[in-house]
Amino acid sequence: MRLKKTFVLILLTLVLSNCKNTKNKEQDKTTYPSQLIPFLTNWNLILGDGSNVGHPNHFENNDYFYTSKDEENNWVVFKAPNGGDTHGTSNNTRTELAQTKKWFAKSSEASLSAKVKVMKVSSTGDKTVAASHSVVVGQIHSADKHENEPLKIFYKKFPGHTKGSVFWHYEINTEGTDNSLRWDFSTAVWGNDFSVVGPEKNMTPEEPIEGIKLGEEFSYHIYVKDGVMTLNFTSDGHETKTFTKNLIVSEYTTKNNIPEQTQRMFFPIGQDGVERENAYLEEGLFFKLGAYNQTNGKSPKVNKHWCSGAETHGGDVQKQYKDGNYAEVWFRDVEIMTSEDAVSNQGYFTKND
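Residues numbered from 1 in each chain as written. Predicted model: local features only at pLDDT ≥ 70, side-chain atom pairs only at ≥ 80, totals over all residues. Heavy atoms only, no water.

Our focus in this paragraph is empty space enclosed by the protein. Under the counting rule described, the total for this entry stands at one cavity of 30 Å³ or more. One number sums up the size of the largest cavity: a volume of about 70 Å³. Considering the residues around the largest cavity, the lining is formed by K156, K157, F158, H161, K163, G164, S165, F167, N192, D193, V196 and P208. It is strand β10 (residues 163-171) that provides the largest number of residues to the lining of the largest cavity, a total of four residues. Grouping the constituent residues of the lining of the largest cavity by class yields four nonpolar, four polar and four charged. (1 Å grid on protein atoms, 1.4 Å probe; cavity = no way out; pocket = protein on both sides within 12 Å on 5 of 7 lines; lining within 4 Å. Points joined across faces, edges and corners; volume = space filled by probe spheres on them. Helix = DSSP H or I, 4+ residues; strand = E, 2+ residues; numbered from the N terminus. Nonpolar A, V, L, I, M, F, W, Y, C, P; charged D, E, K, R; others polar.)

Set out below in structure tokens:
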């Protein structure tokens, strides 16, 4: 009887040990971003150090691109410091997916949707600079000519505020060869638009009444067909917002038609161009998604709207992460659709990598 009891005890111990080992293996198993965004063969990943990873299948990077879980869901995490190596001609770091094919506003049908929550924006930056404390979480980008951006979706929150703002930009496709004359027009979704800044370097404006908190989920849906872009924004407890913008017929072909917001913000710094009549008609377009940090360490004397003068610790990423000088954005339920006339976007990456 004693021998039988001993055998049963040993068997039970082995079973429990095996279950524990199996559980530990399950806990240790890596969930890659490509398991949550399963179509990553259609994207290139740009990291916050300026490098192009290519198709990020079964790839993660603990500094920039990985997965995390909240109380209910798994998310893909994108992080970008204030300072470091950048991609292309940008002043700003990004950890961002970019489509490997381009499509055309008039002839193509294309859409991108995602659920987003912004977890962090930079803790420093000149508060009179419109780009400070903001991050772009979705884009339509041109692959050709000036490579301008007919859509940028922003989140921005000032230090000390509970709520931040969501807004979107249209950047003109500048007439002629001098793209330094380009400008953005900003439209508020929840909270303020880009033009609302602090009265002084270290002073914040009033907090937006109907804003979005850090960690609060919202969704966007971008749809382009017959040359018209439709944007839809939703968030629990907030009014659903819908906007449309023609991408192939310009509203801004003369200076008299340029909005007052633009004249006030951009004309004084020499960005007073007009747009070509057919806007983005002749150019291939592609989606981007991720954390495109709009806060950087360049002096506001260079550009008082886009250069934040924020802390970068000389590009030391870990120091920036330690004291909050970075942007972090979480994504889930990402869906994309492009029609069959999309073509290779390799020329854009060859030019910018």
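Now that the structure has been shown, the text picks up again.
Within the secondary structure, S339 sits in the loop between β17 (326-338) and β18 (343-344). In the structure, S339 is positioned 236 residues away from W103 in sequence and 7.9 Å away in space, judged by C-alpha atoms. Contact partners of S339, with chain neighbours within four places excluded, come to S108 and E109. (Contact = heavy atoms within 4.5 Å.)

This part takes up unusual backbone geometry. Of note in the backbone geometry, H133 takes a positive phi value of approximately 65° without being a glycine. Position of H133 relative to the elements: it lies in the loop between β7 (109-120) and β8 (134-142). H133 gets classed as buried once you look at its relative accessible area, which sits at 0%. One non-glycine residue with positive phi stands out, namely D333, at about 50°. Structurally, D333 is set in strand β17. Accessibility expressed as a relative area gives 40% for D333, which makes it partly exposed. (Buried < 20%, exposed > 50% of the residue type's maximum accessible area, 1.4 Å probe, protein only.)

A volume near 710 Å³ is recorded for the largest pocket. Around the largest pocket sit 32 residues that line it, and T89, S90, E171, R182 and Y292 are the ones nearest its centre. Elements represented by at least two residues in the lining of the largest pocket include exactly β16 (284-293) and α5 (346-352). By volume, the second largest pocket is sized at about 150 Å³. The wall of the second largest pocket is formed by N42, Q99, T100, K101, I336, M337, T338, S339, E340 and A342. The element contributing the most residues to the lining of the second largest pocket is β17, with three residues. A per-class count over the lining of the second largest pocket returns three nonpolar, five polar and two charged.

One key point about sheets: their strands pair by backbone hydrogen bonds, in either a parallel or an antiparallel sense. Taken in spatial order, the seven strands of this open sheet run β3-β4-β17-β7-β13-β14-β15, and their pairing is antiparallel. The open sheet is flanked by β3 (65-69) and β15 (241-246), the only strands paired with a single partner. The average angle at which neighbouring strand axes cross in this sheet is 30°, direction not considered. Inspection of the sheet shows strand β4 (residues 74-81) paired to β17 by six bridges, in the antiparallel sense. (Pairing = 2+ DSSP bridges. Axes fitted to C-alpha atoms, helices over the stretch in contact; angles between N-to-C directions.)

V137, W168, Y220, I222, F233, L289 and F331 are the most contacted members of the largest nonpolar core, which has 69 residues in total. When residues no more than four places from it in sequence are discounted, the contact partners of W168 are L151, K152, I153, F185, S186, T187, V189, M229, L231, F233, F243 and K245. (Core = buried A, V, L, I, M, F, W, Y, C linked by side-chain atoms within 4.5 Å.)

Scanning all chains against the criterion turns up 20 aromatic pairs. Judged by centre distance (6.4 Å) and plane angle (50°), the rings of W75 and W330 are tilted. Of this pair, W75 sits in strand β4 while W330 sits in strand β17, and the two are 255 residues apart along the sequence. By the burial criterion, W75 is buried, and W330 matches it. An aromatic cluster of at least three residues, connected via ring pairs, comprises W168, W190, F218, F233 and F243. Positioned above the aromatic ring of Y292 is the side chain of R94, whose terminal nitrogen or guanidinium carbon lies 3.8 Å from the ring centre. The ring of Y326 is capped by K120, whose NZ or CZ atom sits 5.6 Å from the centre of that ring. (Phe/Tyr/Trp six-rings, centres within 6.5 Å; stacked < 30°, edge-to-face > 60°. Lys NZ or Arg CZ within 6 Å of the ring centre and 35° of its normal.)

A few words now on the side chain of H169. Along the chain, H169 falls in strand β10. We classify H169 as buried; its relative accessible area is 0%. A polar contact is formed between the side chain of H169 and the side chain of S186, at a distance of 3.2 Å. Among all residues touching H169, those that are not within four sequence positions of it are P150, L151, K152, F154, D184, F185, S186, F194 and W306. (Polar contact = N/O pair within 3.5 Å; in protein donor to acceptor, adjacent residues only side chain to side chain.)

Read these as spatial facts, not as claims about activity.
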